[in-house]
Amino acid sequence: MTTQAAALPAERAHVQTDEPLLSVRDLRTAILTPASLSLSAGECVAIRGPSGSGKTLLLRAIADLDPGEGLVCLAGRDRTTMSGPEWRRQVGYVPAEPGWWADTVGEHFTDWAAASPTVRDLRILEDARAWPVTRLSTGERLRLALVRALLVGPKVLLLDEPTAALDPASVAAVETLIAARRRAGLGVLWVTHDERQAARVAERCLTVRGGQVREEDGACPAISR
Amino acid sequence: MSSYIALNYWELAGASIFVLIDAGLSIAFGLGMHRSFLFAAVRMVVQLALVGLVLTTLFSTVSPLRTGLAAFGMVVFAGHEAAQRQGRRLAGWWAYGLGTGSMMIASAMVTLFALVTVLRPNPWYDPRYAIPLLGMILGNCMTGVGLGLDTLTTSLVNRRAGVEAQLMLGASRQVAAAPVMREALRSALMPVINSMAATGVVSLPGMMTGQILGGVPPAEAVKYQILVMFLIAGGTGLGAVTAVLGGLYRLTDARHRLRLDRLTAARAG
């Protein structure tokens, strides 16, 4: 994980070319129709669409959690040339309902010392390390899962409604954190139902409808629900 | 076999009064179980009578082919029973194949070990030793394999979010599924530990009791029972590990994804 952080400047030099950071061509699963999109380093693309339209399935397919066909590349490298875990360490995914596999919060972090500054930035008490996971609110779970994913050092982050259950101050904290990471080159796909948030955080918008992904022209326009 | 008291059919019929009493209790208290009681009792009598016939012919002709066929049939039946008890089954032939295969490997290895190195009957495949031994090992192995697979699938479904959370962070399938694997193996092996711990104090095992009733000195019967318990522990452990690891292999894939789509839907009971 630290090796990836060290490799970051070299990657950024690479990004100066036209090569997109993440490129998806004709990705299809049992449910998704062929989807294509690309994402540059430091860019954020909002993904919108009615509930059940396939936004989560799109992110899962990109993270290689569901089997899919098509070409998915990171900085020009086909994901089939690396193992699933290797791919997911570079293309991180934070689901709308993050999972927990141990009893206390701290057990989910290999290095709490490294996590604690970000935990504080996201307005969570440092004592949380000793808390049982069951004590966490939905909003705290979302933020801690975000910290957990960032610690791995991904180059692309797939966020599935990361601020859905958060108070306005915490929403702002998450947006600030992601903006800072984008300045360091992180590419972000951000699923959100909030039009104003999409306009705030993203340069471009995609809509997903009935398993079909379409790119919207220009700034993110309002979509009908 | 020197001194045992042979039973005649009238005496057996007399003892069946207790099943009739149970059925009567069911009617008296409105439990609605009297039909199942009588049906199960009749089924047991028929099954055992058939087994008696089969064993009589098997033992009279000490044939490796027939012994092998009988053993194979027992394993297939055990595999079917273990699959029947699964809440969620693996899709396709894996549902039967995995349980049956694990039991076949485990019970064959342990039975052969006992026949070749410990008991050494002549010939080694003498059905009078091979078939009862296999039956006892298989019966326990079936419980272990069934429990292990059932816990594995149920727990993977219930803890899917936690397992996938680790996969999302770049963990391998072995690491992500380790808690579930441990839980499945623990539930498969627990009955063996319990039965070893309780044997002799809480329960007198059927085989030992049977030998004592058949005129074998208790000290000899105890030695046989200890042997059988060791074999059961070995067969159950081996079978459960094979089945659980095989199930885990099937429910994940080479890209380290969780593949619950390879399970059929949950069934009631």
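Residues numbered from 1 in each chain as written. Chains lettered and ligands numbered in written order. Predicted model: local features only at pLDDT ≥ 70, side-chain atom pairs only at ≥ 80, totals over all residues. Heavy atoms only, no water.

**Overview of the packing of helix α5 (residues 94-119) of chain B against helix α6 (residues 127-158) of chain B**
All names here are of chain B. At their nearest, the axes of α5 and α6 sit 9 Å apart, and the two run at 145° to each other. As for the relative orientation of α5 and α6, their crossing is right-handed in sense. Every residue of α6 that contacts α5 at L98, G99, M103, A106, S107, V110, T111, A114, L115 and L119 is listed here: Y129, A130, L133, L134, I137, L138, C141, M142, V145 and L149. Residues belonging to the contact of α5 with α6 are distributed by class as follows: 17 nonpolar, three polar and no charged. (Axes fitted to C-alpha atoms, helices over the stretch in contact; angles between N-to-C directions. Helix = DSSP H or I, 4+ residues; strand = E, 2+ residues; numbered from the N terminus. Left-handed = near helix turned anticlockwise from the far one by under 90°. Contact = heavy atoms within 4.5 Å. Nonpolar A, V, L, I, M, F, W, Y, C, P; charged D, E, K, R; others polar.)

**Details of the sheet that holds strand β1 (residues 22-28) of chain A**
All names here are of chain A. The strand order across the open sheet formed by four strands is β2-β1-β4-β5, and the pairing between neighbours is antiparallel. In this open sheet, the two strands that pair with only one neighbour each are β2 (35-39) and β5 (77-78). The sheet contact formed by β1 and β2 spans four bridges and is antiparallel. Counted as the bridge partner of V24 is L37 from β2. Seen against the sheet, helix α3 (residues 55-62) touches β1 and β2 and runs at an angle of roughly 115° to β1. (Pairing = 2+ DSSP bridges.)

**A short note on the nonpolar core**
With 61 residues, the main nonpolar core has L22(A), L58(A), I62(A), L158(A), L189(A), L152(B) and L156(B) as its most contacted residues. A total of seven residues in this core trace back to one element, the largest contributor, which is α6(B). The residues contacting L189(A), other than those within four sequence positions of it, are L22(A), L37(A), L39(A), V45(A), I47(A), L59(A), I62(A), L157(A), L158(A) and L159(A). (Core = buried A, V, L, I, M, F, W, Y, C linked by side-chain atoms within 4.5 Å. Buried < 20%, exposed > 50% of the residue type's maximum accessible area, 1.4 Å probe, protein only.)

**Topic: the confidence of the model for chain B**
Summarising the model, chain B shows a mean pLDDT of 92, and 98% of its residues fall at 70 or more. In the predicted complex, the global pTM is 0.86; the interface-specific ipTM is 0.88. (pLDDT = per-residue confidence, 0-100.)

**With respect to the packing of aromatic side chains**
Within a pair of aromatic rings, the relevant descriptors are the distance that separates the centres and the angle that separates the planes. For the structure shown, the criterion picks out three aromatic pairs over all chains. Ring plane angle 90° and centroid distance 5.1 Å describe the contact between F109(A) and W112(A), whose orientation is recorded as edge-to-face. Here the two residues F109(A) and W112(A) agree in accessibility, since each one is buried. Taking the centre distance of 5.6 Å and the plane angle of 85° together, the rings of W124(B) and Y125(B) count as edge-to-face. Taking the ring centre of W131(A) as reference, the NZ or CZ of R135(A) above it sits at 3.9 Å. Looking at R148(A), its charged tip hangs above the ring of W100(A), at a distance of 4.4 Å from the centre. (Phe/Tyr/Trp six-rings, centres within 6.5 Å; stacked < 30°, edge-to-face > 60°. Lys NZ or Arg CZ within 6 Å of the ring centre and 35° of its normal.)

**A word on the interface of chain B and chain A**
Many structure descriptions define interface size as the accessible area lost when the parts assemble. On the side of chain A, 23 residues touch chain B, which itself brings 16 residues to the contact. Summed over both partners, the interface of chain B with chain A comes to about 1600 Å²; 55% of that surface belongs to carbon and sulfur atoms. Three residues, M168(B), L169(B) and R255(B), lead the burial of chain B against chain A; their summed loss comes to 43% of the area buried on that side. The interface formed by chain B and chain A contains three salt bridges. (Buried area = accessible area lost by both parts, 1.4 Å probe. Salt bridge = Lys/Arg side-chain N within 4 Å of Asp/Glu carboxyl O.)

**Regarding the sheet that holds strand β6 (residues 91-94) of chain A**
All names here are of chain A. Strand order in the open sheet made by the six strands is β6-β7-β8-β3-β9-β10, with mixed pairing throughout. The open sheet has two edge strands with one neighbour each: β6 and β10 (212-215). When the angles between neighbouring strand axes are averaged without regard to direction, this sheet yields 20°. The sheet contact formed by strand β3 (residues 44-48) and strand β9 (residues 204-209) spans four bridges and is parallel. The residue of β9 that forms the bridge with A46 is C205. Sheet contacts for α3: β3, β6, β7 (156-160), β8 (187-191), β9 and β10; angle to β7, the most-contacted strand, approximately 155°.

**Here's the deal with a nonpolar patch on the surface**
Residues and elements named next belong to chain B. A grouping of I17, F18, L20, I21, L25, F29, L31, M33 and L38 is seen on the molecular surface, where their side chains present a nonpolar patch of about 900 Å² in accessible area. With five residues, the single largest contributor to the nonpolar patch is helix α2 (residues 17-28). Mapped onto the secondary structure, F29 falls in the loop between α2 and α3 (34-60). (Patch = residues over 30% accessible without salt bridge, like charges linked within 9 Å, V, L, I, M, F, W, Y side chains within 5 Å. Areas by Shrake-Rupley, 256 points an atom, 1.4 Å probe, with all protein chains shown as cover.)

**Here's the deal with the packing of helix α7 (residues 160-168) of chain B against helix α8 (residues 173-198) of chain B**
Residues and elements named next belong to chain B. Running from N to C, α7 and α8 cross one another at 160°; their axes reach a closest spacing of 8 Å. With respect to α8, the axis of α7 lies roughly antiparallel. Taken as a pair, α7 and α8 cross one another with a handedness that is right-handed. Judged by residue contacts, V163, Q166 and L167 of α7 engage R173, V175, A176 and V180 from α8. (Parallel < 35°, antiparallel > 145°, perpendicular 65-115°, else oblique.)

**Quick look at the environment of H34(B)**
Residue and element names in this part refer to chain B. You can see H34 is positioned in helix α3. For H34, a relative accessible area of 27% translates into the label partly exposed. Separated by 10 residues in sequence, H34 and G24 have C-alpha atoms that sit 7.2 Å apart. For H34, the residues in contact, after removing those within four places along its chain, are A23, S26 and I27.

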